[in-house]
Amino acid sequence: MISFVGAGPGDVDLITIKGRRLLEKADMVIYAGSLVSERHLEFCKEGCQFYNSAKMTLEEVIEKMEDAYRKGLQVVRLHTGDPTIYGAIREQMDLLERKGIDFQAISGVSSFTAACSAINREFTLPEVSQTVILTRIEGRTGVPEEEDLEKLAAHRASMALFLSIKEIDRVVEKLKRGYGREDVPVAVVYKATWEDEKIIMGTLKDIRHKVEKEGITKMAQILVGDFIDGDYERSKLYDPQFSHEYRSGNR
Ligand SMILES: C[S@@+](CC[C@H](N)C(=O)[O-])C[C@H]1O[C@@H](n2cnc3c(N)ncnc32)[C@H](O)[C@@H]1O
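Residues numbered from 1 in each chain as written. Predicted model: local features only at pLDDT ≥ 70, side-chain atom pairs only at ≥ 80, totals over all residues. Heavy atoms only, no water.

If you look the protein chain up in an unreviewed UniProt entry, it shows as Precorrin-4 C(11)-methyltransferase from Lutispora saccharofermentans. Regarding the protein chain, the relevant UniProt record gives this comment under Sequence similarities (unreviewed entry): "Belongs to the precorrin methyltransferase family." (UniProt positions renumbered as here; feature names shortened; annotations may be inferred.)

Structure representation (structure tokens):
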């Protein structure tokens, strides 16, 4: 069996118990070395084979998986965060499926929620935003025109931007046009949950300058929206006035 496992954002304790157990039993681990902490490999048994996929092509990864699978070995394909977000797992799954190789995917803690926890905030606040947009600016990988950052920002929802920090200038320009103001709060979280995590707080007006000053060009989440700073309504769920399935309130 091949298991696509989410390693979490960095801190090795943020992998799921299921993911850790699979790592402990694995005969082969192919890990995304550019983003996954190598400390995860310390939990593997002696004799486990390791391959860093940062140095491999898709075809080489599949070849290693197929070889191991045919020998009856347990393979973990360790991806950063949650494998279903910018994980490039679909292309692997399709090739495995065509070869009749069994696989499963195990969720992980994504860096967008880890970054939000790092700043002690909640994406979804009553009367502020009930929607989270996960996206990126176009780079070598294109983004469909309807998903252009400016158009998405016009919803004024809470946003988490992956893979975009290098383009902070363009990101800020598009977001300013979309939100229609400059005082929108922004938090840049570099290497959330790693020991060298950095948090930069600002607004669309000054974040670019702050990010450049810190020299951050990779591995960062850009969180944007009024959920970061400002007023909100308290939740109905815990309001003493309201009744629901599990509690009777005053009304
Ligand atoms: C290829 S994507 C993988 C995303 C991953 N699947 C996830 O769920 O977090 C890589 C991007 O995720 C973000 N990222 C991954 N780990 C991060 C971390 N610990 N802190 C901040 N951003 C991170 C960065 O934007 C980075 O460029």
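Trainee: Sorry if this is basic, but what is going on with the site of the ligand here?
Mentor: Around the ligand sit 18 residues in total, of which I85, S110, S111, A192 and A220 are the nearest. Residue A192 places a main-chain N or O atom 2.8 Å away from a nitrogen atom belonging to the ligand. Here Q221 contributes a backbone N or O atom positioned 3.5 Å from a nitrogen atom of the ligand. When the ligand is considered free in solution it has 570 Å² of accessible area, and contact with the protein chains removes 93% of it. Residue contributions to the shell around the ligand reach at least three from each of two domains, namely domain 1 (2-106) and domain 2 (111-224). (Near = heavy atom within 4 Å. Polar contact = N/O pair within 3.5 Å; in protein donor to acceptor, adjacent residues only side chain to side chain. Areas by Shrake-Rupley, 256 points an atom, 1.4 Å probe, with all protein chains shown as cover. Domains from an automatic or database assignment.)

Trainee: Can you help me understand the sheet that holds strand 10 (residues 220-224) in this one?
Mentor: One open sheet accounts for five strands, arranged 6-7-10-8-9; its pairing is mixed. Strand pairing shows two members of the sheet lacking a second neighbour, strand 6 (132-136) and strand 9 (198-203), which therefore form its edges. On average, each strand axis in the sheet is inclined to that of its neighbour by 20°, with strand direction left out of account. Where strand 8 (residues 185-190) lies against strand 9, six bridges are found, and the strand directions are antiparallel. Residue V188 lies in a different strand from strand 9, and its bridge partner there is I200. (Pairing = 2+ DSSP bridges. Helix = DSSP H or I, 4+ residues; strand = E, 2+ residues; numbered from the N terminus. Axes fitted to C-alpha atoms, helices over the stretch in contact; angles between N-to-C directions.)

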